[in-house]
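Listed below are the residues making up each chain.
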Amino acid sequence: MGEVETSGTVADALRHGAGLLRQDPRLAVVQAREVLAVSPHNPDAYRLLGAALRRTGEDEAAERAELDAISASVGDPGLIRAAEALLDNDLPVAERILRPHLHDRPTDVAAIRMMAELAARIGRYPDSETLLRRALELAPAFGPARANLATVLYKQNRPAEAIAELDRLPEAGEGAAGRHNLKAAALGRIGSYEEAIEVYKQVLADLPDQPKVWMSYGHALKTVGRQQDGIAAYRRALGLAPTLGEVWWSLANLKTVPFSDADVAAMEEALTRPDLAGEDLYHLHFALGRAHEERKDYEASFHHYAEGNRLRRAGFDIAEFETFIADSKRVFTAGLFEERAGQGCPEPDPIFVLGMPRSGSTLIEQILASHSQVEGTMELPDIPALARRLGLGKPGADGALYPECLADLDADALAALGREYLERTRIQRKTDRPFFIDKLPNNWAHVGLIRLILPNARIIDARRHPLDCCFSNFKQHYARGQGFSYSLDDMGRYYRAYVNLMGHMEAVLPTPPYRVIHERLIDDPEGEIERLLDHLGLPFEPACLRFHETERAVRTASSEQVRRPINRAGVDQWKPYEPWLEPLKAALGPVLDAWT
């Protein structure tokens, strides 16, 4: 049996303790405590003590030692410099400090957490998750790392896992409000809006002066149809932060609440603030575009829409995306689908409603969700997530594996992907209805993947007049994911790519998507709804005509419109802006000619 070392340097004693940890953890405990008697703030000694106590089964004492190790590490001069670099967002400097530190002290939980934060800042969420799980393996009671893990899981569209981690943290204490806010957002992601509303109420009862929490609370209230309560929450947020642009845009995005002259003056005054920048700036421009549109001052309205789009535009390469569409047409041939007949997951549960954003897809979803056999969910991110994992990266980028890789997948792999999709989306299903809707418009770019992995799924292509659809996108500010919409030229070319690929898929698929023309649905709702239900193999139900009476959560920009009877308010909204739409018309080219 080893012996405790009581002479030599602290470093020698710690090395000896590490050897004892493998031979006899009880002696390692004694050795660590001997070091701490000499060096009472030594993080390495606390880490040794925690590891040794874990091995002897003394978990409560081990937890205290692990947390003491973290507290002691925070005072390390190198980590202080790394923390300062992170605070200044100087990530290269932080990395240059943290990497050698972790090379020498690979179990320093505080440093691991900092490296995880660095990885998350540059969007490397899987790496951040791995580091945080290692930190929690070493110190399970380290609450800040668990809270960080919940955030990283949420950002990877894994809200249920994020909630599970948050539920392991204390209800009160430092950072509790932030954790509750994250939990409410995650609950919204899985469709548990009423529970999310209760969490927001709890946060606001404790911290009533948080404008962004009032804003998030307003979002949740609006989603479940409590429009007036949502407006009141938005107004409360503006009372606390009059320049908070996202709240102004949220009011504009309801499209049912006119702005007063005082509102317009407040927004225009906010634009004069020298410290206003970033999201507040372009949100205000989009909101003012809506306000001037209400007043029929179309020149001023277009100016604000155009400025908001100019400020917002970044990072979308339309030529790269067109290459992706061309690659998809080469991969998805009639021969491929003939070869794969009978493969994939046979379950018929999903109904995909896809097409361009702002094409009437939310109306179709609301109509179908009013049927007794169909459950409405939300815009689910799961098909694009599967595509990314298969190698998408950036569409059209050199070396991209998707969609080419789909031609190489065998029957087992295709069936497994279909089953995985159904398992991933199960958390969104709150009823026992046999069918559910996935209404992510951009899934049109993945119709081939959908048909290969879920051959019996129904696919509905929602289509709207090119100018109405495209200009409606140009007026819309999206939180994320619609980078094509911030330029009239990009917008037109994207719409052309959509029509191009969908035309190809209609020609090569054994069961092509069913197309619903928005304008026809408005002009003949009963006939179009009967034909749609017949295509889906569903009996006609009068509730589908009274869709606006259906009470359910609706998250999209059309949430308030689908709570009213069908009307023509959205038809020809582009016409007053025609003097400024030549770039869009030119980009649409033959697609526009074919429609007219």
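What counts, and at which threshold
Residues numbered from 1 in each chain as written. Predicted model: local features only at pLDDT ≥ 70, side-chain atom pairs only at ≥ 80, totals over all residues. Heavy atoms only, no water. Helix = DSSP H or I, 4+ residues; strand = E, 2+ residues; numbered from the N terminus. Buried < 20%, exposed > 50% of the residue type's maximum accessible area, 1.4 Å probe, protein only. Contact = heavy atoms within 4.5 Å. Core = buried A, V, L, I, M, F, W, Y, C linked by side-chain atoms within 4.5 Å. Pairing = 2+ DSSP bridges. Axes fitted to C-alpha atoms, helices over the stretch in contact; angles between N-to-C directions. Salt bridge = Lys/Arg side-chain N within 4 Å of Asp/Glu carboxyl O. pLDDT = per-residue confidence, 0-100. Disulfide = S-S within 2.5 Å. Parallel < 35°, antiparallel > 145°, perpendicular 65-115°, else oblique. Left-handed = near helix turned anticlockwise from the far one by under 90°. Nonpolar A, V, L, I, M, F, W, Y, C, P; charged D, E, K, R; others polar. Polar contact = N/O pair within 3.5 Å; in protein donor to acceptor, adjacent residues only side chain to side chain. Expected span 1.5 Å × (residues − 1). Phe/Tyr/Trp six-rings, centres within 6.5 Å; stacked < 30°, edge-to-face > 60°. Lys NZ or Arg CZ within 6 Å of the ring centre and 35° of its normal.

Points about the overall build of the protein
So, point 1. Tallying secondary structure elements over the protein gives 30 helices and five strands in all.
So, point 2. Considering only C-alpha atoms, the protein reaches an extent of 90 × 65 × 45 Å along its principal axes.
So, point 3. Classification of the 596 residues of the protein by burial places 54% in the buried group.
So, point 4. In the protein, the share of contacts with a sequence separation of at least 24, taken over all contacts with a separation of at least 6, comes to 69%.

Topic: the nonpolar core
So, point 1. Core analysis: the biggest nonpolar cluster contains 142 residues, and F352, M356, L406, Y421 and W444 have the highest contact counts within it.
So, point 2. If one sorts the elements of this core by residue count, helix α26 (residues 488-508) sits on top with ten residues.
So, point 3. Within the second largest apolar cluster, 22 residues are counted, among which are L368, F435, I529 and C544.

Side note on the sheet that holds strand β4 (residues 458-463)
So, point 1. One open sheet holds the five strands; their spatial order is β2-β3-β1-β4-β5, and the pairing between them is parallel. Strand pairing shows two members of the sheet lacking a second neighbour, β2 (374-378) and β5 (514-517), which therefore form its edges. Strand-to-strand, the axes of this sheet are offset by a mean angle of 25°, without reference to chain direction.
So, point 2. Set on the sheet, helix α21 (residues 361-369) makes contact with β1 (350-355), β2, β3 (435-438), β4 and β5; between it and β2 the angle comes to about 145°.

Description of the pattern of salt bridges
So, point 1. Tallying each qualifying case throughout the model produces 43 salt bridges.
So, point 2. Its salt-bridge partner being E506, residue R515 comes within 2.6 Å of it at the nearest N-O pair.
So, point 3. Accessibility expressed as a relative area gives 26% for E506, which makes it partly exposed.
So, point 4. Three or more residues are tied together by salt bridges with common partners; here these are D44, R47, R105 and D108.

A few points about the pairing of β3
So, point 1. Side chains F435 and I437 project from β3 onto one buried face, and the interleaved F436 and D438 project onto a second face that is buried too.
So, point 2. Bridging between β1 and β3 involves three bridges; their strand directions are parallel. Within β3, the residue paired with F352 across the bridge is D438.
So, point 3. Pairing geometry for β2 and β3, over four bridges, is parallel. The partner of E375 across the bridge, within β3, is F436.

Description of the pairing of β1
Every other side chain in a regular strand lies on the same face of the sheet, so the side chains alternate between the two faces.
So, point 1. Burial of β1 is extensive: six of the six residues sit out of reach of the surface.
So, point 2. Side chains P350, F352 and L354 of β1 all project onto a buried face; the interleaved residues I351, V353 and G355 project onto the opposite face, where all are buried too.
So, point 3. In this structure, β1 lies alongside β4, joined through five bridges in parallel fashion. From the neighbouring strand, I351 faces β4, where its bridge partner is R458.

Some thoughts on the confidence of the model for the protein
So, point 1. Considering every residue of the protein, the mean pLDDT works out to 89; 94% of them sit at 70 or more.
So, point 2. Every residue in residues 555-560 is under pLDDT 50, and counting partners more than four places away or in other chains gives 22 contacts.

Comments concerning the state of the cysteines
So, point 1. Summed over all chains, the structure comprises zero disulfides.
So, point 2. Just so you know, C345 is unpaired, no disulfide at all, and the nearest cysteine sulfur is the one on C405, 19 Å from it.
So, point 3. Free cysteine: C469, not disulfide-bonded; nearest cysteine sulfur from C470 at 5.4 Å.

Thoughts on the packing of helix α5 (residues 77-87) against helix α6 (residues 91-104)
So, point 1. For the pair α5 and α6, interaxial distance at closest approach is 8 Å and the crossing angle is 155°. Taken together, the axis directions place α5 and α6 in an arrangement best described as roughly antiparallel. Crossing geometry of α5 relative to α6 is assigned as left-handed. Along its contact with α5, which presents G78, L79, R81, A82, A85 and L86, the element α6 presents L91, V93, A94, I97, L98 and H101.
So, point 2. Among the residues making up the contact of α5 with α6, the classes are represented as nine nonpolar, two polar and one charged.

Brief notes about the side chain of K475
So, point 1. Note that K475 resides in helix α25 (residues 466-475).
So, point 2. Side chain to side chain, K475 and Q573 meet in a polar contact 3.1 Å long.
So, point 3. With residues near it in sequence (within four places) discarded, K475 still touches W249, F286, E293, Y305 and Q573.

A few points about helix α7 (residues 109-121)
So, point 1. Taking 1.5 Å as the rise per residue, α7 with 13 residues should run 18 Å; its terminal C-alpha atoms sit 18 Å apart, in good agreement.
So, point 2. In terms of burial, α7 is largely enclosed, as ten of its 13 residues are buried.
So, point 3. Note on α7: the residue one or two positions beyond its end, G123, has a positive phi of about 85°.

Brief notes about unusual backbone geometry
So, point 1. Omega for the peptide link from Y402 to P403 comes to 10°, which places this bond in the cis form.
So, point 2. Relative to the helices and strands, P403 resides in the loop between α22 (382-389) and α23 (411-425).
So, point 3. Backbone geometry places N157, a non-glycine residue, at a positive phi of 60°.
So, point 4. Looking at the secondary structure, you find N157 in the loop between α9 (143-155) and α10 (159-166).
So, point 5. Overall, N157 belongs to the partly exposed group, its relative accessible area being 29%.
So, point 6. Of note, K255 is a non-glycine position whose phi angle comes to about 60°, a positive value.

Side note on the packing of aromatic side chains
So, point 1. As enumerated under the stated definition, the model contains 27 aromatic pairs in all.
So, point 2. Taken together, a centroid distance of 6.2 Å and an interplanar angle of 40° make the contact between F316 and F321 tilted.
So, point 3. Judged by relative accessible area, F316 falls into the partly exposed class, the value being 26%.
So, point 4. Ring centres 5.9 Å apart and planes at 75° place the aromatic pair F321 and W444 in the edge-to-face group. Taken together, the positions of F321 in helix α19 (residues 318-331) and W444 in the loop between β3 and α24 (447-453) put the pair 123 residues apart, joining distant regions of the chain.
So, point 5. Every member of this aromatic cluster is reached through a ring pair, and the members are F316, F321, F324, Y402, W444, F484, Y494, Y495 and Y498.
So, point 6. R189 extends its terminal NZ or CZ atom over the ring of Y154, reaching a point 4.1 Å from the ring centre.
So, point 7. Geometry around F435 places R458 over its ring, the cationic atom sitting 4.7 Å from the centre.

So, the packing of helix α17 (residues 278-294) against helix α18 (residues 298-312)
So, point 1. Put simply, α17 and α18 touch, their axes get as near as 7 Å, and they point 160° apart. On the basis of their axis angle, the class for α17 and α18 is roughly antiparallel. The chirality of how α17 crosses α18 is left-handed. Facing α17, whose interface residues are L281, Y282, H285, F286, L288, G289, R290, H292 and E293, α18 presents Y298, A300, S301, H304, Y305, E307, G308, N309, L311 and R312.
So, point 2. The residue makeup of the contact of α17 with α18, split by class, is eight nonpolar, seven polar and four charged.

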